[in-house]
Amino acid sequence: MARITASVYTSHVPAIGAAIDLGKTQEPYWQPLFKGYEPSKQWMKENTPDVIFLVYNDHATAFSLEMIPTFAIGCAAEFTPADEGWGPRPVPKVIGHPELAAHIAQSVIQDDFDLTIVNRMDVDHGLTVPLSLMCGQPEAWPCPVIPFAVNVVQYPVPSGRRCFNLGKAIRKAVESYDRPLNVQIWGTGGMTHQLQGPRAGLINREWDNAWLDQLIADPEAAAATPHIDYVREAGSEGIELVMWLIARGAMADIDGGPAPTLRHRFYHVPASNTAVGHVILENNV
Amino acid sequence: MALDKPYLDVPGTTIFDAEQSRKGYHLNQFCMSLMKAANRERFKADERAYLDEWPMTEEQKQGVLTRDLNRCIAAGGNIYFLAKIGATDGKSFQYMAASMTGMTQEEYMAMMLAGGRSIEGNRYLGEDGDAQPQHQPQGAAHKKAGA
């Protein structure tokens, strides 16, 4: 049987990808941020999964306003890093896991979550920056990845509660897969940031850290955070944090299992316009 | 019955909801077209002619021509789409963010390095934070307006 062994949470700021690609990680501006991910890269080497289920959002790259799926699961054999206007990032192609993705789609849709199945999709920085942060600059990513895109661009986005419950359904789906795969689930985006209007540049360190505390120790409370709290306290783009709740909802303690182990926690301001948060939780089952 | 939109009283913030998306459909799809190099070239060669190929409002076209992102957002633009205009111009995202506040990019960068914009006074319209309407524009644009 497959199982979810750990969850990883991280911001996916595009400027971080550019800093890596342009060899700027040791510059004074970026050095403190990348230092915070050194333990994560080590952890990733020691705990390489068979598959990563990577929750992220597309930023007007694969999805224009022609179609706006709320939840989209990538079932293709591979996904090409997208050209977002500055040329594609020089990172490896993303290899999918069509068998597990199809299995999860079947199970989760039968659990009343209406996923959109995507068989062709380029992936943008929302997906590739977390891979770069956790894996560095390898020739190939260390394992297959199932991209799971959530609409957080056009409101209303799915509620935190719905994302959390979706995480539970994903865990159930993974655990009903016959092959003994080690699966990690990653939730990405956030933390506080606002990229638009006169309030652009908003950072709310206190709110971010209180929310991280809840995410780790009282996830039900984090899941109950209403949309308006994200918008008001964490900025219009801070609402990306609902995606972290999909990963958190997939952990064993949500379903009566033991509490996870906090392996790493990191917070840094700024990365370009954004507060960066990062957590690694390991399941104890 | 009217829809519940509790986000309308957040200062300096326009939420891209279904209504804004409907208004901005052609503006945002125009931006999306700039993902293709050939379209970027045609746009740069004659911006007005390129914009006239799209069923956009005159207000939306003026917003693009003057690179006034706040005006574009008010007319239904979304920042992830509008960012493609900046990419076409060779501008960074931080430049674009700064432009919406009135600050120079240097001023905006310094604010971010100092921990970002404070939430205090910027939660509700009617408070006194720097993102409130009565304090626009900010930074260099404010000094210029006062001079």
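Being a predicted model, the structure only gives us computed values, none of them experimental.

Rules and cut-offs
- Along each chain, numbering runs from 1 in the same order as the chain's sequence is written.
- All chains are assigned letters beginning at A, and all ligands numbers beginning at 1, according to the order in which they are written.
- Local features in a predicted model are, by the rule used here, given only for residues with pLDDT of at least 70; side-chain atom pairs are given and counted only at 80 or more, and totals for whole chains, interfaces and linings are based on all residues.
- Each helix corresponds to a stretch of at least 4 residues labelled H or I by DSSP, and each strand to a stretch of at least 2 residues labelled E; elements are numbered beginning at the N terminus.
- Counting other C-beta atoms within 10 Å of a residue's own tells you its class, since 20 or more makes it buried, 12 or fewer makes it exposed, and anything in between is partly exposed; those C-beta atoms are placed from the backbone.
- Whether two residues are in contact is decided by their C-beta atoms, placed from the backbone, lying within 7 Å.
- Each helix should span, by expectation, one fewer than its residue count multiplied by 1.5 Å.
- pLDDT is a residue-level measure of predictor confidence that goes from 0 to 100.
- Boundaries between domains were set according to an automatic or database domain assignment.
- The nonpolar core is taken to be a set of buried Ala, Val, Leu, Ile, Met, Phe, Trp, Tyr and Cys residues joined by way of C-beta atoms within 7 Å.
- One requirement defines pairing of two strands: DSSP has to find at least two bridges between them.
- Axis definition: a line fit to C-alpha positions, over the contact stretch in the case of helices; interaxial angles, taken between N-to-C directions, run 0 to 180 degrees.
- Classes in brief: Ala, Val, Leu, Ile, Met, Phe, Trp, Tyr, Cys and Pro nonpolar; Asp, Glu, Lys and Arg charged; the others, Gly included, polar.

## Quick word on the overall build of chain B
Right, on to step 1. What chain B contains, in helices and strands, is nine helices and zero strands.
Right, on to step 2. Written out in order from the N terminus, the α and β elements of chain B read α-α-α-α-α-α-α-α-α.
Right, on to step 3. C-alpha atoms of chain B, sized along the principal axes, occupy 45 × 45 × 30 Å.
Right, on to step 4. Within the span of chain B, comprising 147 residues, buried residues form 39% of the whole.
Right, on to step 5. Here the contacts in chain B between residues at least 6 apart in sequence split such that 56% fall between residues at least 24 apart.

## What about helix α6 (residues 160-175) of chain A?
Right, on to step 1. With 16 residues, α6 of chain A extends 23 Å between its outermost C-alpha atoms, agreeing within 8% with the 22 Å of an ideal straight helix rising 1.5 Å per residue.
Right, on to step 2. Taken as a whole, α6 of chain A has its buried residues at Gly160, Cys163, Phe164, Asn165, Leu166, Gly167, Ala169, Ile170, Arg171, Ala173 and Val174 of chain A.

## Things to note about the environment of threonine 261 of chain A
Residues and elements named next belong to chain A.
Right, on to step 1. Structurally, threonine 261 is set in strand β9 (residues 261-271).
Right, on to step 2. Residue classification places threonine 261 among the exposed residues on the basis of 11 C-beta atoms within 10 Å.
Right, on to step 3. Separated by 231 residues in sequence, threonine 261 and tryptophan 30 place their C-alpha atoms 28 Å apart.
Right, on to step 4. Ignoring any residue separated from it by four or fewer positions in sequence, one finds threonine 261 in contact with Leu281, Glu282 and Asn284.

## Describing unusual backbone geometry
Residue and element names in this part refer to chain A.
Right, on to step 1. Omega for the peptide link from glycine 190 to methionine 191 comes to -10°, which places this bond in the cis form.
Right, on to step 2. Unusually for a residue other than glycine, aspartate 112 sits at a positive phi of about 80°.
Right, on to step 3. When you line up the elements, aspartate 112 lands in the loop between α4 (98-110) and β6 (116-118).
Right, on to step 4. Take aspartate 112: there are 9 C-beta atoms within 10 Å of it, and that puts it in the exposed class.
Right, on to step 5. Positioned with a positive phi, serine 272 is a non-glycine residue whose angle comes to about 60°.
Right, on to step 6. Inspection of the secondary structure puts serine 272 in the loop between β9 and β10 (274-282).

## Here's the deal with the confidence of the model for chain B
Right, on to step 1. Scored by pLDDT, chain B has a mean of 95; 98% of the residues are at 70 or more.
Right, on to step 2. At the level of chain-chain contacts, confidence expressed as ipTM amounts to 0.96, with global pTM at 0.97.

## Structural notes on the domain arrangement of chain B
Right, on to step 1. Along its sequence, chain B is carved into domain 1 (16-90) and domain 2 (97-146).
Right, on to step 2. For domain 1 of chain B and domain 2 of chain B, the distance between their C-alpha centres works out to 24 Å.

## Examining the nonpolar core
Right, on to step 1. One finds Leu54, Ile73, Ile170 and Met243 of chain A to be the most contacted residues of the largest nonpolar core, which totals 125 residues.
Right, on to step 2. For this core, the element with the most residues is α6 of chain A, which contributes seven residues.
Right, on to step 3. Summarising the domain contributions, this core has at least three residues from each of domain 1 (16-90) and domain 2 (97-146) of chain B.
Right, on to step 4. Sequence-distant contacts of isoleucine 73 of chain A, defined by excluding residues within four places in its chain, comprise Ala101, Ile104, Ala105, Leu115, Ile117, Val118, Ile146 and Phe148 of chain A.

## Let's talk about the pairing of strand β8 (residues 182-188) of chain A
All names here are of chain A.
Right, on to step 1. Within β8, six of the seven residues are buried, which leaves it mostly tucked inside the rest of the structure.
Right, on to step 2. Pairing geometry for strand β1 (residues 3-10) and β8, over seven bridges, is parallel. For tyrosine 9, the partnering residue across the bridge sits in β8 and is glycine 187.
Right, on to step 3. In this structure, strand β2 (residues 51-56) lies alongside β8, joined through five bridges in parallel fashion. Residue pairing across strands places valine 55 opposite glycine 187, the latter belonging to β8.

## Quick notes on the sheet that holds β2 of chain A
All names here are of chain A.
Right, on to step 1. Within the open sheet, the eight strands sit side by side as β6-β3-β7-β2-β8-β1-β10-β9. Their pairing is mixed. Since the sheet does not close on itself, it has two edges, and those belong to β6 and β9, each with one partner. In this sheet, neighbouring strand axes are inclined to one another by 20° on average, regardless of whether the strands run parallel or antiparallel.
Right, on to step 2. In this sheet, strand β7 (residues 145-150) lies alongside strand β3 (residues 71-74) in antiparallel orientation, the contact comprising three bridges.

## Let's talk about the interface of chain B and chain A
Right, on to step 1. Facing the 43 residues of chain B at the interface are 32 residues of chain A.
Right, on to step 2. Residue assignment for the side of chain B that touches chain A shows that the elements contributing at least two residues are α1 (18-33), α5 (69-74), α6 (79-89), α7 (93-99) and α8 (105-113) of chain B.
Right, on to step 3. When residues of the side of chain B that touches chain A are assigned to their parent elements, the largest contribution, six residues, is made by α1 of chain B.
Right, on to step 4. When grouped by side-chain class, the residues that make up the side of chain B that touches chain A number 24 nonpolar, 15 polar and four charged.

## Structural notes on the pairing of β1 of chain A
All names here are of chain A.
Right, on to step 1. Where burial is concerned, most of β1 is hidden: six out of the eight residues are buried.
Right, on to step 2. Two strands pair when backbone bridges link them, and β1 and β10 are joined in this way by five bridges, in the antiparallel orientation. From the neighbouring strand, alanine 6 faces β10, where its bridge partner is glutamate 282.

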